[in-house]
Amino acid sequence: MIRQVHTADNPTEAYFVKGLLEAKGIAARVRYEDMIGDYPSVWVTAGADFKLAQEIVLALSREQAIVETQSEPWRCPRCGEHIEAQFTECWQCETSRSRV
């Protein structure tokens, strides 16, 4: 029996999650036939793999939330330089954004 572990916003995301799960030794598949609207889903075997897959997808969701909160420009706390959102280090003094 297989169970749905993730609904993706697009095929790229679905295959990324599938690849992440397979890298951890979990067989996964992307299904389109059960799509609601235009959303593909990722499915795994029920049981221990399903629980591990849920943990992996949850960790990924947390990481994405952190990235989304860091999608605004920031000011370096060390030198005061204004840095665009896509950069993780200050170009002026090399202070990491993670210190912000």
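Further up the page is the structure itself.
Residues numbered from 1 in each chain as written. Predicted model: local features only at pLDDT ≥ 70, side-chain atom pairs only at ≥ 80, totals over all residues. Heavy atoms only, no water.

(A) A look at the overall build of the chain. From N to C terminus, the chain includes two helices and five strands. Along the chain direction, N to C, the helices and strands of the chain fall in the order β-α-β-β-α-β-β. For the chain, contacts bridging at least 24 residues in sequence account for 42% of all contacts bridging at least 6. (Helix = DSSP H or I, 4+ residues; strand = E, 2+ residues; numbered from the N terminus. Contact = heavy atoms within 4.5 Å.)

(B) Highlighting the nonpolar core. The biggest cluster of nonpolar side chains holds 15 residues, and the ones touching the most others in it are Val5, Val17, Leu21, Ile26, Val42, Val44 and Ala53. Counting residues per element, the ones that place at least two in this core are helix H1 (11–23), strand S2 (28–36), strand S3 (39–45) and helix H2 (48–69). The element contributing the most residues to this core is H2, with five residues. Counting residues in each nonpolar core, the second largest holds five residues, with Trp74, Cys76, Ile83 and Cys93 among its members. (Core = buried A, V, L, I, M, F, W, Y, C linked by side-chain atoms within 4.5 Å. Buried < 20%, exposed > 50% of the residue type's maximum accessible area, 1.4 Å probe, protein only.)

(C) The arrangement of the pattern of salt bridges in detail. Applying the stated criterion across every chain, the model contains one salt bridge. Here glutamate 22 makes a salt bridge to lysine 18, at a shortest N to O gap of 2.9 Å. Taken together, the positions of glutamate 22 and lysine 18, both in helix H1 and four residues apart, correspond to about one turn of that helix. (Salt bridge = Lys/Arg side-chain N within 4 Å of Asp/Glu carboxyl O.)

(D) Focus on unusual backbone geometry. Despite not being glycine, glutamate 94 has its phi angle at roughly 65°, a positive value. Counting through the fold element by element, glutamate 94 comes out in the segment after strand S5 (82–83). Relative accessible area serves as the criterion here: at 61%, glutamate 94 is assigned to the exposed category.

(E) Just the packing of aromatic side chains, in detail. On inspection of all chains with the given rule, the structure shows zero aromatic pairs. Over the aromatic face of phenylalanine 50 sits the side chain of arginine 3, whose NZ or CZ is 3.9 Å from the ring centroid. Above the face of the tryptophan 43 ring, arginine 31 is positioned so that its terminal group lies 4.6 Å from the ring centre. (Phe/Tyr/Trp six-rings, centres within 6.5 Å; stacked < 30°, edge-to-face > 60°. Lys NZ or Arg CZ within 6 Å of the ring centre and 35° of its normal.)

(F) A look at the side chain of threonine 95. Note on placement: threonine 95 falls in the segment after S5. If near-sequence neighbours (up to four positions away) are discounted, threonine 95 is found in contact with Trp74, Cys76, Arg78, Thr88, Glu89 and Cys90.

(G) A look at the pairing of S3. In terms of burial, S3 is largely enclosed, as five of its seven residues are buried. Direction of pairing for strand S1 (residues 2–7) relative to S3: antiparallel, over a ladder of five bridges. Bridging across to S3, threonine 7 finds its partner in serine 41. (Pairing = 2+ DSSP bridges.)

(H) Just the side chain of serine 41, in detail. Along the chain, the position of serine 41 falls in strand S3. Here the side chain of serine 41 touches tryptophan 43 through a polar contact of 2.7 Å, side chain to side chain. Not counting the four nearest positions on each side in its chain, serine 41 is found in contact with Gln4, His6, Thr7, Arg29, Val30 and Arg31. (Polar contact = N/O pair within 3.5 Å; in protein donor to acceptor, adjacent residues only side chain to side chain.)

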